[in-house]
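Listed below are the residues making up each chain.
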Amino acid sequence: MDEEQVLVRNWKAAQALPISIDLIAAAKQELDLLAQVDRHPCLYGGPVLLRAIERYENFWLPLLDSEGKVAEEGLPLIPPLDCDWVWHCHRLNPVQYAKDCDKLYGRILDTPVVNPAERETATDATRTLWQSKFQDEPYEVDISEARDALVVQKQDCDGGNEALPTVIPSNVANRITYNLVDAVSRQKSFYYQVSQPHVVQNQFLQSAAQRYKGFLYLFTRNNGTFLVPTYDVDIMWHAHQRSATAYSRDCISILKWVLEHDDTDSDRGEGQKLNTGFKDTCKLWENTYGTIYVKAGAMYRGDQPLLAQPPPVLEDPDFTNRKLVCLEQQQQHSYLTERRTVQVCLVLIGARNVPTRQTEPTLFVRLKVLNKCKSFELDTYEVPTSSDPVWRRVFMMRFEVGTEGLILQLHSSRMGMFSSGSKLLGEANLTWATLLASPSLSIRTWLPLSKRNFFGISSSAQATIELDISASVTPPVIAPYLLRAVKAQDNDLHGSLQKTQENHPLTSRIVLDHADREIFFVQAQSAGNANARQWALYDGGVQLTVVKNSQDDQWHLRPEFKLQGYLGFPVRLLAGRKLDYEVKGATVEEEAGFVTVIRYTLDYPLGKSTALFNTRSGAMEVTAEESVPLVVLLSTIISISVVDMLGTTIPSPPKISRTNFKGKPNRNEWGSVVMERAGNEKSDLAQKLANYNLLNYQFWWDMPFLYWCASFYSNPLILSYRQAYEQGALLGDGRTAN
């Protein structure tokens, strides 16, 4: 049996492992629980968690013990949310959970995975049973009121973190020896890592279930190596442990022992146990299955961003005044072009059958896309020419689905990869459709290149050159809208506004989408004093005030906002890049001009970043659940206000006549290709400039401001400050141009 057959046999053996529960159904219930808990972060620590532990030990476990056998014959018992969360974290240490259950009840307490169609009925039955046994303790407790005051980390007046109590008071029964407070604390950041929209899709979960079986199989061949799961595998591992009896039975059947789940290590630093264990897992996985362990959409995202400010006091707690914004959200899908993206992990391992005669001294591989972003070129480093070169280069990227796939070209070069004299030895296509058709959403293959001789003509005399690649993909998801504003001629009026005050002239903006199509035409006229500009939106139902802090010499970098009125769910505007847009280590200058829009909804009571815009460049990113017209208005009027209050310190930007403007798709559509940021990657301008040829393909909000302006307005290599200010349509910096 050759090596490839052994690898295939190993994978088949892994997929044949006996798992006695529906992993995908269990994973969906797990993810739903994590999402519910995340809406009530008081369950991560403090008094609410302490009471949840008390209820779990004194009410839920005794109920499960006394009624569990009856429940097994009918509908399963459903715990209330707070007890379910503590129970989940307890079971993630399966050995300790079994010990605690055996000590207290003489057996492992468990309940089967509930059928979603029966969940409501089962919950009602459990509530009735609970109330009949515990008349003085409600089945459900109201934890929504604790949302503002009881969070894991409260921001004090100095911006520091105030730790909440973590010691269980003496009046709480403490028969369980396992430290449940610490167990919960270790899991509080897990949901952030798995909360991306592709994770809940069936295709991704099916792939994760396969990889979990592959992960379990590694333990049958392991000689004591500390194995580390990727996050898709960890979802399934947690889901399996939620059925404690089945997990114990399956582990003994497969491994002859109950596999411990060690979540106590969190240090990912070089040389640390977690880092070393992951590298060892990657090697063992590849040696066992011949595939690459690293997976698109399953890797560490970095530390969870902290809340910038506590949630606002809800003026409209019933959220009854949201019809206008909801209507905008429904209508905008009819005139905005939907963007759908996939995450791709490409590992370029090596090549074979490369002709060495008449080939230049070095080899490199160039990546291009099949459609849309025709100028995109990403080159590997060069290696000496040989018949079997090796790169082992990992690329994490995000692509619009319309790019269709990658072109992989093998080049030989004498003068370096940027030389026009490199020779194309062959190329091949890798389409997203191919990756999405794979049950595992991944492939490991030798990719044959089109044969070429050195005159560029196909030749059957040459052996076929092949690239050794591994690639994985996530299911497509809806991506945020990308828009940018440019200044239009002030006299290009629609008749909606007139110049009523000489000191406050009319300003016009053309708003373009990611493909340079005109979407909006905005006209605005400000009024106010030297230190503030006031605006009325939606027929006066909403008021926005942009305030100049006269005590701050750089107020224009971080203006203050006051947004009042009803816009559906509450909205807050924060200067800088916050929450999902946070860039660790960024300077005040790098944050200049950015404004994050945060919505507070029933699903995200502590806030979700739904839009980001830059008042200097006019760039905007808006999620599908946010109102695009609202963000366009906010971005435009804040920019106008800042410029207006600054006076004449900024050169006047170029104007575009709307009648002469022709919106047409750009051959390099904005956002078609984006290089993924590494977890906890910090802002490093020098490093970005060192990778100069990739700057256009960073997240727009992580690019140097001047370079972003240069890319969109005249495409020179580097613009001077004056040129950038003059060509960036919306300017709010205020520094005098040189």
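What counts, and at which threshold
Residues numbered from 1 in each chain as written. Predicted model: local features only at pLDDT ≥ 70, side-chain atom pairs only at ≥ 80, totals over all residues. Heavy atoms only, no water. Helix = DSSP H or I, 4+ residues; strand = E, 2+ residues; numbered from the N terminus. Buried < 20%, exposed > 50% of the residue type's maximum accessible area, 1.4 Å probe, protein only. Contact = heavy atoms within 4.5 Å. Areas by Shrake-Rupley, 256 points an atom, 1.4 Å probe, with all protein chains shown as cover. Pairing = 2+ DSSP bridges. Axes fitted to C-alpha atoms, helices over the stretch in contact; angles between N-to-C directions. Parallel < 35°, antiparallel > 145°, perpendicular 65-115°, else oblique. Polar contact = N/O pair within 3.5 Å; in protein donor to acceptor, adjacent residues only side chain to side chain. Core = buried A, V, L, I, M, F, W, Y, C linked by side-chain atoms within 4.5 Å. Salt bridge = Lys/Arg side-chain N within 4 Å of Asp/Glu carboxyl O. Nonpolar A, V, L, I, M, F, W, Y, C, P; charged D, E, K, R; others polar. Expected span 1.5 Å × (residues − 1). pLDDT = per-residue confidence, 0-100.

(A) Seen up close, the overall build of the protein. Within the protein, the secondary structure is distributed over 19 helices and 24 strands. Buried positions account for 52% of the 738 residues belonging to the protein. For the protein, the proportion of contacts with a sequence separation of at least 24, taken over those separated by at least 6, is 71%. Split by element, the accessible area of the protein, about 32900 Å² in all, is 49% carbon and sulfur.

(B) Inspection of the pairing of strand β18 (residues 542-547) at higher detail. As defined by bridge partners, strand β17 (residues 532-537) adjoins β18 across six bridges and the pair is classed as antiparallel. Looking at β18, one finds that Q534 is bridged to T545. Between β17 and the antiparallel strand that follows it, β18, lie four residues; Y538 among them carries a positive phi value of about 55°. Both β18 and strand β19 (residues 560-565) contribute to a ladder of six bridges, which runs antiparallel. Counted as the bridge partner of V547 is E560 from β19.

(C) Seen up close, the pairing of strand β15 (residues 518-524). Counting buried residues in β15 gives five out of seven residues, a clear majority hidden from the surface. The pairing of strand β14 (residues 507-513) with β15 spans six bridges and is classified as antiparallel. Along β15, the bridge assignment pairs R509 with V522. What sits between the antiparallel neighbours β14 and β15 is a turn of four residues, in which D516 has the positive phi angle 65°.

(D) Geometry of the packing of helix α10 (residues 231-241) against helix α11 (residues 244-255). At a closest axis distance of 6 Å, the pairing of α10 and α11 adopts a crossing angle of 110°. Taken together, the axes of α10 and α11 lie roughly perpendicular to each other. On α11, the residues touching W237, H240 and Q241 of α10 are A244, A246, Y247 and D250.

(E) Layout of the environment of E137. Summarising the element assignment, E137 is placed in the loop between α6 (119-133) and β1 (153-155). Spatially, the C-alpha atom of E137 lies 8.7 Å from that of R55, the residues being 82 residues apart in sequence. Setting aside anything within four residues of it in sequence, one finds E137 in contact with R51, R55, F59 and W130. Within polar-contact distance, the side chain of E137 engages the side chain of R55 at 2.7 Å.

(F) Here's a closer look at the sheet that holds strand β22 (residues 608-614). Taken in spatial order, the seven strands of this open sheet run β15-β14-β13-β23-β22-β21-β20, and their pairing is antiparallel. The open sheet terminates on both sides in strands that have one partner only, identified here as β15 and β20 (571-575). Each strand axis lies, on average, 25° off the axis of its neighbour in the sheet, ignoring direction. As judged from the five bridges shared by strand β13 (residues 481-487) and β14, these two strands associate in the antiparallel manner. Considered in β14, the bridge of A485 is made with V511. Across the face of the sheet, helix α16 (residues 628-646) comes into contact with β13, β14, β15, β20, β21 (594-599), β22 and β23 (619-622) while running at roughly 45° to β15.

(G) How the structure looks around the nonpolar core. Y56, W60 and L367 are the most contacted members of the largest nonpolar core, which totals 127 residues. Counting residues per element, this core draws most heavily on helix α3 (residues 47-73), at 11 residues. Beyond its immediate stretch of four places on either side in the chain, L367 contacts L346, F376, E377, L378, F395, M397, L406, I407 and L408. In terms of nonpolar packing, the next biggest core, distinct from the first, is built from 35 residues, L567, V628, V632 and I640 among them.

(H) Local environment of the pattern of salt bridges. This structure, assessed with the given rule, holds 33 salt bridges. The residue R39 makes a salt bridge to D603 at a minimum N-O spacing of 3.5 Å. Taken as a pair, R39 in the loop between α2 (23-38) and α3 and D603 in the loop between β21 and β22 lie far apart in primary sequence, 564 residues in all. By relative accessible area, R39 is classed as partly exposed at 24%. Residue D603 is classed as partly exposed on the basis of its relative accessible area of 43%. The residue R127 makes a salt bridge to E140 at a minimum N-O spacing of 3.1 Å. Of this pair, R127 sits in helix α6 while E140 sits in the loop between α6 and β1, and the two are 13 residues apart along the sequence.

(I) The arrangement of the packing of α2 against α10 in detail. Where α2 meets α10, the axes come as close as 8 Å, and the angle between the chain directions of the two elements is 95°. Put simply, α2 runs roughly perpendicular to α10. Side by side, α2 and α10 meet where L23, I24, A26, A27, E30 and L31 of the first sit next to I235, M236, H238, A239 and H240 of the second. Each residue belonging to the contact of α2 with α10 can be placed in one class, and the counts come to eight nonpolar, two polar and one charged.

(J) Spatial organisation of helix α4 (residues 81-91). With respect to burial, α4 is a largely interior element, 10 of its 11 residues being buried. Every buried residue belonging to α4 is among D82, C83, D84, W85, V86, W87, H88, C89, H90 and R91, and all of these are buried.

(K) Geometry of the side chain of D516. Note that D516 resides in the loop between β14 and β15. Only 2.8 Å separates the side chain of D516 from the side chain of R484, close enough to count as a polar contact.

(L) Focus on α11. The end-to-end C-alpha separation of α11 is 16 Å, in line with the 16 Å expected for 12 residues at 1.5 Å each. Considered for burial, the residues of α11 that qualify are A244, A246, Y247, S248, D250, C251, I254 and L255. Where the residues of α11 are buried, they touch α4, α5 (94-105), α9 (202-220) and α10. Just downstream of α11, K256 is the residue with a positive phi angle, here 75°.

(M) Representation of the confidence of the model for the protein within the structure. The share of residues in the protein with pLDDT of 70 or more is 77%, and the mean pLDDT across the chain is 81. The model gives residues 315-321 a pLDDT under 50, and that stretch makes 12 contacts with residues more than four places away or in other chains. Within the model, pLDDT remains below 50 along residues 454-458, and this stretch shows nine contacts once partners closer than five positions in the same chain are excluded.

(N) View of unusual backbone geometry. Phi is positive for E404, which is not a glycine, with a value near 75°. You will see that L441, though not glycine, has its phi angle at about 55°, which is positive. Looking at the secondary structure, you find L441 in the loop between α14 (432-436) and β10 (442-448).

(O) Highlighting the side chain of D513. Take D513: it is sitting in strand β14. Judged by relative accessible area, D513 falls into the buried class, the value being 4%. Here A515 takes part through its backbone nitrogen, which lies 2.9 Å from a polar atom of the side chain of D513. Beyond its immediate stretch of four places on either side in the chain, D513 contacts T337, L482, L483 and I519.

(P) Here's a closer look at the environment of P448. On the secondary structure map, P448 appears in strand β10. Along the primary structure P448 and I465 are separated by 17 residues, whereas in three dimensions their C-alpha atoms are 6.0 Å apart. The residues contacting P448, other than those within four sequence positions of it, are E427, A428, T464, I465 and E466.

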